[in-house]
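# Notes for the structure review
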Amino acid sequence: QKEVEQDPGPLSVPEGAIVSLNCTYSNSAFQYFMWYRQYSRKGPELLMYTYSSGNKEDGRFTAQVDKSSKYISLFIRDSQPSDSATYLCAMSVVHGGSQGNLIFGKGTKLSVKP
Amino acid sequence: DAGITQSPRYKITETGRQVTLMCHQTWSHSYMFWYRQDLGHGLRLIYYSAAADITDKGEVPDGYVVSRSKTENFPLTLESATRSQTSVYFCASRGNGNQPQHFGDGTRLSIL
């Protein structure tokens, strides 16, 4: 079993929909959780970064962490065509040294239709 | 403009050839990373470096060599390229402590 599981999609939604993207993980030592957005032929860019369980909101984006269930989510409200991209979850045990290296999910490809 | 740049953006070469991918960052970040991204596998860590002259293997290091003589540069060399190394390669960097990784825009490498 891979450490981080993420449904690759593709996921297609109409403009204005609420999008839910999810990852599960098996290593209970993971403490830092990130979501990256990757547009076609570009590098991943950091979208959200959380440390603790609970919710973190930034504009239309909400990151949710449930450490007891080993489950993280990214919600996108009022989705726009410009949100069409691949979304990667990533996590690490600590934030320093070799243990600070990130483990990535395989990414979910999202398409928002006008 | 500050950032992380990779070169070349696209490269086609033949099996058995040596090829070097370049990565340069202007943030003076301590940590630098090389990943490959393949369909069905996602991003996998090849090598990383915690500082100049300090490098270590990641998940898939076989067939690759890195060096870090200067903080800002982290070249990746395929000494004898194989078709299985056809991939998109990303370089990333981050600062010390509670800092996220920032990625370059990648090098798309095809080995014929």
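Structure first, text after, so check above.
I will try to describe carefully the structure that is included in this document.

Conventions adopted
Once a new chain begins, its residue numbering starts again from 1 and follows that chain's sequence as written. Chain letters start at A and ligand numbers start at 1, both assigned in the order the entries are written. Reporting in this predicted model follows two pLDDT cut-offs: at least 70 for local features of residues, and 80 or more for side-chain atom pairs to be given and counted; totals over whole chains, interfaces and linings ignore these cut-offs and use all residues. Excluding hydrogens and water, the side-chain figures rest on all heavy atoms present in the structure. For the purposes of this entry, the term helix denotes a DSSP run of H or I that reaches at least four residues, the term strand denotes a run of E that reaches at least two, and both are numbered from the N terminus. In what follows, a contact means two residues having at least one pair of non-hydrogen atoms within 4.5 Å. Two strands pair if DSSP finds at least two bridges between them. To obtain an axis, a line is fitted to C-alpha atoms, over the contacting stretch when the element is a helix, and the angle between two such axes runs from 0 to 180 degrees between their N-to-C directions. Between rings of Phe, Tyr and Trp, where Trp is taken as its six-membered ring, a pair exists when centres lie within 6.5 Å; planes separated by under 30 degrees are stacked, by over 60 edge-to-face, and by other angles tilted. Partly exposed describes any residue whose relative accessible area lies between the buried limit of under 20% and the exposed limit of over 50%, with all areas from a 1.4 Å probe on protein chains only and scaled to the type maximum.

This part takes up the side chain of H29 of chain B. As for its position among the elements, H29 of chain B is in the loop between β3 (19–25) and β4 (31–38). Those residues in contact with H29 of chain B that lie beyond four places of it in its chain are R68, T71, S93, R94, G95 and H102 of chain B.

Time to look at the pairing of strand β6 (residues 54–58) of chain A. Looking at chain direction, β6 of chain A and strand β7 (residues 61–66) of chain A are connected through 5 bridges and run antiparallel. Counterpart to K56 of chain A in the pairing with β7 of chain A is A63 of chain A.

Turning next to the sheet that holds strand β7 (residues 64–66) of chain B. Residues and elements named next belong to chain B. One open sheet holds the 4 strands; their spatial order is β1-β3-β8-β7, and the pairing between them is antiparallel. Here the strands that pair on one side only, and so sit at the sheet edges, are β1 (4–7) and β7. Strand-to-strand, the axes of this sheet are offset by a mean angle of 20°, without reference to chain direction. Sheet analysis places β7 next to strand β8 (residues 76–78), joined by 3 bridges and oriented antiparallel. Bridge pairing in β8 places V65 opposite T77.

Moving on, we come to the sheet that holds β6 of chain A. All names here are of chain A. An order of β1-β3-β8-β7-β6 is seen for the 5 strands of this open sheet, with the pairing classed as antiparallel. Each edge of the open sheet is held by one strand with a lone partner, namely β1 (4–6) and β6. Across this sheet, the average inter-strand angle for adjacent strands is 15°, counted without regard to direction.

Right, let's get into the packing of aromatic side chains. Any aromatic ring pair is given by two values, namely how distant the centres are and how the planes are angled relative to each other. Going through the model one piece at a time under the given rule, you end up with 13 aromatic pairs over all chains. Arranged with centres 5.3 Å apart and planes meeting at 40°, the rings of Y25 of chain A and F33 of chain A form a pair that is tilted. Taken as a pair, Y25 of chain A and F33 of chain A share a single burial class, namely buried. Here the aromatic rings of F33 of chain B and Y48 of chain B are separated by 6.3 Å at their centres, their planes lie at 25°, and the arrangement is stacked.

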